[in-house]
Amino acid sequence: MKKSHEPFKEFPQDQVRSAIRSGIVQAKEQVDAPRLRKKNGKRKIIYALCSAAAVFGILIGSSYYSPALASSLSQIPFIGSIFGNSDLIGLQQAQKHGLTKEIGETQTVNGISVTLNEILYDQNNITLGLFIESDKELGDFYFGAGMDFTINGDLPSGSTGSYGEHILSATTMTAIQTINVNEEMPEKFELGLILHGKNGETWYFSTPVEKITDIHKIPVQHSQTADGLTLTVTEISLSETGVSIAYESSEEETDFELSRGGNIEFLVVDQNGNEITGLSGGATGEMGKDRIMFKSSKQFDPVDSTVTELTITPYVVIPTEGGGVEIDENGKETKLEFKGDSIQPIEFESFKVNIQQ
Amino acid sequence: MKHDLHAVKRAIHGDADAFEELLFNEEKMLYYKALSYVGNKEDALDAIQETAYNAFLAVGQLRNPEYFSTWLFRILIRECYRLLKVRDQMIPYEESELLKKLDHKQDEEIDSFHLSEALARLNSSYQTPIILFYYHDLSIEDISEILEKPVGTVKTNLRRARKKLKSELERSYQLHEKVT
């Protein structure tokens, strides 16, 4: 009979700590139920924009999705680097420049193994590459709308992101989960991840994450008002992994479904007239007394050092289908009636931003 | 291990950071203890995760902070046992060590081959208490708690297990003699 264990192998401190943290996160989630708590009494709405193969759980996707993300998910050949094989330029760049964190941790529950392959934390998103393998074929939307997460063990007060799967075979798939970065996230923290399966399974991961450091920020503070909506672009960030445009909007409106702040997109072209491809993203809105404010950041593929100027044209996307969920301070969810097709377009003016990389 | 009692008290009052720190202080012990029960790294990590989960939920009920370590390891051993039970596996042990502890009289010639064969022949209600008592040095009370059986039943099973193991060892030895 073989010896029962090999005590002289190196002590796997990181994995032991990760197991301890996962257990605590899991317990805290239990203690903190109901899962969606509010820190304040303001009404908030959470929108999520999902990708093609994507999944609509509590967050229902709008009509807009990123063709780039959809096509990247359809072309991943096999696990290696999910990011490196993606055709999203930002993720490829991140992988190439060693900005991603390799994890490779597998958790198996009920014959379904979920491997957290790699993580990228840049100015826009925390992006996670997952590889999923199961004994039996998993049906559609087995993992609902993707992962929940915690920041240093606490659930965030609100979040946006997307989750998309790519089926490799009847029992294997890869998935890319993005969590849009928001103000609650420190530069460096312990990220807890919780994935729920259709049959009540739960997978937990816990890992320290740190935002990439080489981010060039350009303050903009461009403001314009059109058709009762004030739009302020506050900042543009540039890194190896992408460009992001941070903006705030404020609109005289009391119906979330008719508000337009969450539907703002930007057309971005460089000094030579080349369009910079935009990626999908969500926006979180908040209702004031008689106004609705949105604050978000839109993401684009990275630009190279030859780009010196960007011309930005804001526009409103009129959704054709989709919807939202309203979550009150008790965590009660109410599906909102879809009125997106009655949204009125807005004509914004273009503006230019010099970028010195 | 002696813990900072203030940290234990903070953990009892629900301070997750203090609780995490206490477990980190015990990380090596937790890992190697779990490994000695379940025999492989993946299961040991699973047992640790389950222990952290259950211990965090129950720490509020810990009456004596000075016994935090003992209490934690009881939970760990229970989790290890639960994991082995789910997988229908026997608790691993090292034969030479167990042989020594069994204090065998008839002897030197009975090697680990006979022991593992004889142990494998015992049914699990006899097998487990033998390994927990002689190899892992657990008290009858602890075994009773882990196996969720009354102390009297554990004692009876241990006595019967010893008797059965003795006759199995003799039988196995004789068989082996005949073959060779």
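Definitions and limits used
Residues numbered from 1 in each chain as written. Chains lettered and ligands numbered in written order. Predicted model: local features only at pLDDT ≥ 70, side-chain atom pairs only at ≥ 80, totals over all residues. Helix = DSSP H or I, 4+ residues; strand = E, 2+ residues; numbered from the N terminus. Contact = placed C-beta atoms within 7 Å. Expected span 1.5 Å × (residues − 1). Buried ≥ 20, exposed ≤ 12 C-beta atoms within 10 Å, placed from the backbone. Core = buried A, V, L, I, M, F, W, Y, C linked by C-beta atoms within 7 Å. Pairing = 2+ DSSP bridges. Axes fitted to C-alpha atoms, helices over the stretch in contact; angles between N-to-C directions. pLDDT = per-residue confidence, 0-100.

Draft legend 1. Main features of the overall build of chain B. A count of helical and extended segments in chain B gives 10 helices and zero strands. From first element to last, N terminus to C terminus, chain B shows the α and β order α-α-α-α-α-α-α-α-α-α. Long-range contacts, defined here as pairs at least 24 residues apart, represent 65% of the contacts in chain B between residues at least 6 apart.

Draft legend 2. Helix H5 (residues 68-86) of chain B, seen in detail. Residue and element names in this part refer to chain B. In this model, H5 (19 residues) spans 27 Å end to end at C-alpha, consistent with the 27 Å of a helix rising 1.5 Å per residue. Inspection of H5 places Phe68, Leu72, Leu76, Ile77, Glu79, Cys80, Tyr81 and Leu84 among the buried residues, and these make up the whole buried set. On its buried face, H5 is in contact with helix H1 (5-12), helix H2 (16-25), helix H3 (27-38), helix H4 (41-58) and helix H9 (140-147).

Draft legend 3. Here's a closer look at the nonpolar core. In terms of nonpolar packing, the biggest core is built from 84 residues, with Ala34(B), Val38(B), Ala44(B), Ile48(B), Ala52(B), Phe56(B) and Cys80(B) touching the most fellow members. Tallying contributions element by element places H4(B) first for this core, with eight residues. Apart from the residues lying within four places of it in its own chain, the contact partners of Cys80(B) are Ala34(B), Tyr37(B), Val38(B) and Ala47(B). By size, the runner-up hydrophobic cluster in this structure holds 16 residues, among which are Leu279(A), Phe300(A), Ile312(A) and Phe348(A).

Draft legend 4. Inspection of the sheet that holds strand S7 (residues 172-180) of chain A at higher detail. All names here are of chain A. Taken together, the five strands give an open sheet; going across it, the order is S2-S3-S4-S7-S6, and neighbouring strands pair in antiparallel fashion. Because the sheet does not close on itself, it has two edges, and the strands there are strand S2 (101-109) and strand S6 (161-167). Neighbour-to-neighbour, the strand axes of the sheet open up by a mean angle of 20°, direction not taken into account. Looking at chain direction, strand S3 (residues 112-121) and strand S4 (residues 125-134) are connected through nine bridges and run antiparallel. Bridging across to S4, isoleucine 112 finds its partner in serine 134.

Draft legend 5. Structural context of the sheet that holds strand S17 (residues 309-316) of chain A. Residue and element names in this part refer to chain A. One open sheet holds the three strands; their spatial order is S13-S17-S20, and the pairing between them is antiparallel. Of all the strands in the sheet, just strand S13 (264-270) and strand S20 (351-354) have a single pairing partner and so form its edges. Adjacent strand axes in the sheet meet at a mean angle of 30° when their direction is disregarded.

Draft legend 6. Representation of the confidence of the model for chain A within the structure. Residue and element names in this part refer to chain A. When pLDDT is averaged along chain A, the result is 75; 72% of the residues meet or exceed 70. Of all helices and strands in chain A, the one with the weakest mean pLDDT is strand S1 (residues 44-46) (33), whereas S3 scores best (91). The model gives residues 1-7 a pLDDT under 50, and that stretch makes 13 contacts with residues more than four places away or in other chains. Low confidence marks residues 34-79, where pLDDT is under 50. Its contacts with residues over four positions away, or in another chain, come to 137 contacts.

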